[in-house]
Amino acid sequence: MASVTDIFRNNPGKPKTVDGVYSEQEVRLANRNSGIILETLRHDVTPTGAHYLLTHFDVPALDEGSHRLTFGGGFEQPFDLSLDDIRALPQVTMPVTLECAGNGRARVSPRSHSMPWSVEAVGTSEWTGTPLRPLIERARPAQGTVDIVFTGADEGFDNGVRHFFGRSLTLDLIADLDVLLVHAMNGQPLLPQHGAPLRIVVPGWYGMASVKWLSRIEAIDTPYQGFQQVQTYRYRDHPEDEGRPVTAIRVKSLMIPPGIPDWLTRTRQVEPGSVEITGRAWAGKVPIARVEFGDGDTWQEAQLTPGSGPYAWSKWSVTWQATPGEHLLRCRATDAEGNTQPLEQRWDASGFGNNAAHCVAVFVPAEPA
Ligand SMILES: Nc1nc2c(c(=O)[nH]1)N[C@H]1C(S)=C(S)[C@@H](COP(=O)(O)O)O[C@H]1N2
Ligand SMILES: [Mo]
């Protein structure tokens, strides 16, 4: 029999990226994984269809009527739950801002060959479900449990490794984080692409922790070695760097681009005079202390309205005096722990955690239209 080459396990690695030139693979990823439409930042809660999407493999076909979440592995009281069981437990609705750790990846050079996010991988939803912690307590992790593992029903290859999408949290993190077992988003059952029928939401952390299509929760007595936990989602200064795990969301802000856009360049035209500019700012669980708005190198303080919960983005607004000519508008937030967004991003091998100030190019004509 002729030998067959396993094209997945003999993975050639990622191609080099060329600044400004996107490969067809990146464009295909960008078509599957959409970002928020920036003008919907005007809504406290992102309209569900405008929430960003990041799906590594395929959206699995799960039947909500027969789906079971199993608590297994090293739990002393294993059990499983149907969706009806979960809906019969105490219900909580939490507004949470979720952001992809790769947001901004395309804005560093050289960029990592992956989903080429610009700035749009963020959104805020009202997530409904039941708190996870009491269920973990009920399942009784055995003495010596090191990690709780969350596994989705979606399987695929990454870098030659076949795996189900999975992530872990330690018991200490579960005690600390308000993890929610979620079946509804903005008052509606989860859409297939957002994890139907069941996911977790790990508020305050970058999105990779919020496992979609959740099917198993297991207690294990050695550190979890899943691909999505140890081989990616690490801040690395160079490709061989062992790195540091990506966890909480860094302070960040965005503005609603003012005026009207050019279709292709997205450069804005804004009429001269007073312009109201608004946007959002967030920093995981840490409150936002200030937002500054810049026209070139001139910065002014924005007004802040806190979010509707500890994990929901704040709103900011300023009045800008638009004068004829070209302008580079920017915003940068500072959180209550004193972290400020950088104007220039420090390079990361995978482009994770990019929280550089948002820039919007604007042209103001001499005469109003
Ligand atoms: N099972 C599974 N869960 C997953 C993913 C995935 O590919 N598979 N992607 C993660 C990543 S990287 C992000 S940013 C969020 C995105 O959630 P959303 O698509 O609902 O916005 O889901 C996370 N949960
Ligand atoms: Mo992500």
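### Points about the overall build of the protein
No. 1: When helices and strands are counted, the protein shows five helices and 22 strands.
No. 2: For the protein, the spread of C-alpha atoms along the three principal axes comes to 70 × 55 × 35 Å.
No. 3: Among the 369 residues that make up the protein, the fraction classed as buried is 50%.
No. 4: Residue pairs in contact within the protein that sit at least 24 positions apart in sequence constitute 72% of those at least 6 positions apart.

### What about the domain arrangement of the protein?
No. 1: Per the domain assignment, the segments of the protein are domain 1 (15–245) and domain 2 (252–364).
No. 2: Just the C-alpha atoms count here: the centres of domain 1 and domain 2 sit 27 Å apart.
No. 3: If you look at the interface, domain 1 gives 39 residues, while domain 2 gives 29 residues.
No. 4: Between domain 1 and domain 2, roughly 2900 Å² of surface is buried when both sides are summed, and carbon and sulfur atoms account for 55% of that area.
No. 5: Put simply, domain 1 and domain 2 have 19 residue pairs in polar contact (both at pLDDT 80 or more) between them.
No. 6: At the level of secondary structure, the elements contributing two or more residues to the side of domain 1 that touches domain 2 comprise β3 (92–99), β4 (122–131) and β11 (234–235).
No. 7: Taken together, the residues of the side of domain 1 that touches domain 2 break down into 16 nonpolar, 13 polar and ten charged.

### A few points about the environment of Phe 164
No. 1: When you line up the elements, Phe 164 lands in strand β6 (residues 161–169).
No. 2: The residues contacting Phe 164, other than those within four sequence positions of it, are Thr 151, Gly 152, Ala 153, Asp 154 and Glu 155.

### Things to note about the sheet that holds strand β20 (residues 314–322)
No. 1: On the basis of which strands lie adjacent, the open sheet formed by four strands has the order β13-β16-β20-β19 and antiparallel pairing. The sheet terminates laterally at β13 (252–255) and β19 (303–305), the two strands that pair on one side only. If you compare each strand with its neighbour and ignore which way they point, the axes differ by 30 degrees on average.
No. 2: The sheet contact formed by β19 and β20 spans three bridges and is antiparallel.

### Section: the sheet that holds strand β5 (residues 147–158)
To summarise the sheet geometry, strands pair through backbone hydrogen bonds and adopt either a parallel or an antiparallel arrangement.
No. 1: Taken together, five strands build an open sheet; the order of strands is β2-β1-β10-β5-β6 and the sheet is mixed. With partners counted over all chains shown, the strands left at the sheet margins are β2 (79–82) and β6, one partner each. Between one strand axis and the next, the sheet turns through 25 degrees on average, direction left out of account.
No. 2: Note that β5 and strand β10 (residues 214–220) share six bridges and pair antiparallel. Of the residues in β10, the one forming a bridge with Phe 150 is Ile 217.

### Quick look at the site of ligand 1
No. 1: As a matter of local geometry, ligand 1 sits amid 18 residues, with Tyr 52, His 56, Asp 154, His 194 and Lys 212 nearest to it.
No. 2: Between ligand 1 and Tyr 52, the relevant distance is 2.8 Å, taken from an oxygen atom to a main-chain nitrogen or oxygen of the residue.
No. 3: With respect to ligand 1, the side chain of Lys 212 contributes an N or O atom lying 2.6 Å from an oxygen atom.
No. 4: Protein coverage of the free-state accessible area of ligand 1, which is 540 Å², stands at 100%.
No. 5: Counted by class, the shell around ligand 1 contains nine nonpolar, six polar and three charged residues.

Definitions and limits used
Residues numbered from 1 in each chain as written. Chains lettered and ligands numbered in written order. Predicted model: local features only at pLDDT ≥ 70, side-chain atom pairs only at ≥ 80, totals over all residues. Heavy atoms only, no water. Helix = DSSP H or I, 4+ residues; strand = E, 2+ residues; numbered from the N terminus. Buried < 20%, exposed > 50% of the residue type's maximum accessible area, 1.4 Å probe, protein only. Contact = heavy atoms within 4.5 Å. Domains from an automatic or database assignment. Buried area = accessible area lost by both parts, 1.4 Å probe. Polar contact = N/O pair within 3.5 Å; in protein donor to acceptor, adjacent residues only side chain to side chain. Nonpolar A, V, L, I, M, F, W, Y, C, P; charged D, E, K, R; others polar. Pairing = 2+ DSSP bridges. Axes fitted to C-alpha atoms, helices over the stretch in contact; angles between N-to-C directions. Near = heavy atom within 4 Å. Areas by Shrake-Rupley, 256 points an atom, 1.4 Å probe, with all protein chains shown as cover.

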